[in-house]
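This is what each chain is made of:
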Amino acid sequence: MALRLTALTGALLSITLGVLQPAQAETVLERITRTGRVNTVVMNGSLPYSTQLDNRYVGLGLEFAKEIQKELSDYVGKPVELVAQPVNSIEQGIAAIASGAVDLSCGAGFSWGRSMFVDYTLPFALSGTRLITPVGNDGTPAALSGKTIGVVKNSLAARAMEKSITGAELALFENPAAALAALKSGEIQFLAGDSLWLLANRSAVDPAGNVTPSVPYNRSAVGCVVPENSSGLLNLSNLAIAKLMQAYINDDPNAQSRINQWVGPGTDVNLSQDVIKAYFTNVLLTAALLALP
């Protein structure tokens, strides 16, 4: 089943051309300053990045979104509210950012195609495409031939499976929650996706399943995205992300608690603090380490 990046690219191009004008009267940062709101894409069932809990959204992506909210508040000199904007699909979320209708989304895997329409911040995680498979299946191309593999439409995993696996059928789901529900119900036995997403949700939907293969089909950085050419918002977002990562590296207990509750020791993802520190350090070394007060 072909999943064409060109189709998504064409759709996003038509949206951006239809909404964005050559000369805008107001930048994204100016609008945030005027309204006191930063509108943020959220999606249910997308842990560790975001999910709905009661009447609010939580997750690793929201921790970084809150830091961006704080940095914006300090910059504009007044409180800025973080306003959740739920979406039902990846395409809807990216289109909302690309059109400028929404300001921010944290938990987006990097894609060269998407980078034509949105700007990526510093990454705060590294993931890649793997699968939840039944016991005895190692998730390699040969072991997946002839199988039905669930994927979220327009996800990086969908593209990776299409390019890497021959003789398999892809079952497309509109959003992460629908894909997880299908695995839990037994509708599918194989689910491909972001490695951290699979690890964070496996115990709830398929505790007997394995996350395979040991080496992901691809690797991608995960960060936040903002509307293209929104340099003011992008710069402040990068600074906020860097500050939280630096605080984690510096053993700030609040920073470590906020990150660890989603991906750290004892969680389903179960990354060690040393691994998280090493990744954050490598990211910051591409720019600069910060001297925090």
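About the thresholds
- Residues numbered from 1 in each chain as written.
- Predicted model: local features only at pLDDT ≥ 70, side-chain atom pairs only at ≥ 80, totals over all residues.
- Heavy atoms only, no water.
- Disulfide = S-S within 2.5 Å.
- Helix = DSSP H or I, 4+ residues; strand = E, 2+ residues; numbered from the N terminus.
- Buried < 20%, exposed > 50% of the residue type's maximum accessible area, 1.4 Å probe, protein only.
- Salt bridge = Lys/Arg side-chain N within 4 Å of Asp/Glu carboxyl O.
- Phe/Tyr/Trp six-rings, centres within 6.5 Å; stacked < 30°, edge-to-face > 60°.
- Polar contact = N/O pair within 3.5 Å; in protein donor to acceptor, adjacent residues only side chain to side chain.
- Contact = heavy atoms within 4.5 Å.
- Axes fitted to C-alpha atoms, helices over the stretch in contact; angles between N-to-C directions.
- Parallel < 35°, antiparallel > 145°, perpendicular 65-115°, else oblique.
- Left-handed = near helix turned anticlockwise from the far one by under 90°.
- Nonpolar A, V, L, I, M, F, W, Y, C, P; charged D, E, K, R; others polar.
- pLDDT = per-residue confidence, 0-100.

Once that is clear, we can look at the state of the cysteines. Enumeration according to the criterion identifies one disulfide in this entry. With its sulfur 2.1 Å from that of its partner, Cys106 forms a disulfide with Cys224. Taking the torsion about the S-S bond as the criterion, the Cys106 to Cys224 disulfide, at about 105°, is right-handed. On the criterion of sequence distance, the pair formed by Cys106 in strand β5 (residues 104-109) and Cys224 in strand β11 (residues 219-227) is long-range, its members being 118 residues apart. Taking the relative accessible area as the measure of exposure, Cys106 reaches 8% and is therefore buried. For Cys224, a relative accessible area of 0% gives the class buried.

Any two side chains of opposite charge can pair, so long as their charged atoms come close to each other. Scanning the entire structure with this criterion turns up eight salt bridges. A salt bridge links Glu67 to Arg258; the shortest N-O distance between them is 2.7 Å. Taken together, the residues Glu67 in helix α3 (residues 60-76) and Arg258 in helix α10 (residues 253-263) connect sequence positions 191 residues apart. Of the two residues, Glu67 and Arg258, neither departs from the other in class, the shared state being buried. We note a salt bridge from Lys277 to Asp251, for which the minimum N-O separation is 2.5 Å. Within this pair, whereas Lys277 is found in helix α11 (residues 273-285), its partner Asp251 is found in the loop between α9 (231-249) and α10, the two being separated by 26 residues in sequence. Connected through shared salt-bridge partners, Glu63, Glu67 and Arg258 make up one network.

Right, let's get into unusual backbone geometry. In this chain, Leu47 is followed by Pro48 through a cis amide linkage whose omega measures 15°. Mapped onto the elements of the fold, Pro48 is located in the loop between β1 (37-42) and β2 (51-53). Following Thr212, the chain continues to Pro213 via a peptide bond in cis, the omega torsion being -10°. Of note, Pro213 is situated in the loop between β10 (210-212) and β11. For Asn154, which is not glycine, the phi torsion reads 65° and is therefore positive. By secondary structure assignment, the location of Asn154 is in the loop between β7 (148-152) and α6 (156-164). Judged by its relative accessible area of 28%, Asn154 is partly exposed. Positive phi, close to 65°, is recorded for Asp251, a residue that is not glycine. For Asp251, a relative accessible area of 43% puts it in the partly exposed group.

On to the packing of aromatic side chains. With the rule as written, the count across this model stands at five aromatic pairs. Centroid distance Phe110 to Trp112: 4.9 Å. Interplanar angle 90°. Geometry classified as edge-to-face. By relative accessible area, which is 27% here, Phe110 ends up partly exposed. Measuring from centroid to centroid gives 4.7 Å for Phe110 and Tyr120, while their planes differ by 55°, and the two rings are tilted. Of this pair, Phe110 sits in the loop between β5 and β6 (118-133) while Tyr120 is found in strand β6, placing the two residues 10 residues apart along the sequence.

A separate point is the side chain of Ser155. Looking at the secondary structure, you find Ser155 in the loop between β7 and α6. Within the structure, the side chain of Ser155 is placed 3.1 Å from the backbone nitrogen of Ala158, a separation counted as a polar contact. With sequence-adjacent residues up to four places away left out, Ser155 is seen in contact with Ile90 and Arg114.

Turning next to the packing of α9 against α11. At a closest axis distance of 9 Å, the pairing of α9 and α11 adopts a crossing angle of 135°. Judged on the interaxial angle alone, α11 and α9 are oblique. Crossing of α9 against α11: the hand is left-handed. The residues of α11 that touch α9, namely those facing Ala242, Met245, Gln246, Tyr248 and Ile249, are Gln273, Ile276, Lys277, Phe280, Thr281, Val283 and Leu284. A class-by-class count of the residues in the contact of α9 with α11 yields eight nonpolar, three polar and one charged.

Overall, the prediction assigns the protein a mean pLDDT of 91, with 92% of residues at 70 or greater. Overall, residues 1-23 carries pLDDT values under 50, and its contacts beyond four positions in sequence, including any with other chains, amount to 28 contacts.

Below, the discussion takes up the packing of helix α2 (residues 28-35) against α9. The description of two packed helices rests on the angle between their axes and on the distance between the axes. Between α2 and α9, the shortest axis-to-axis distance is 6 Å and the interhelical angle comes to 75°. Classified by the angle their axes make, α2 and α9 are roughly perpendicular. For the pair α2 and α9, the contacting residues are Val28, Leu29 and Ile32 in the first and Gly232, Leu233 and Leu236 in the second. The residue makeup of the contact of α2 with α9, split by class, is five nonpolar, one polar and no charged.

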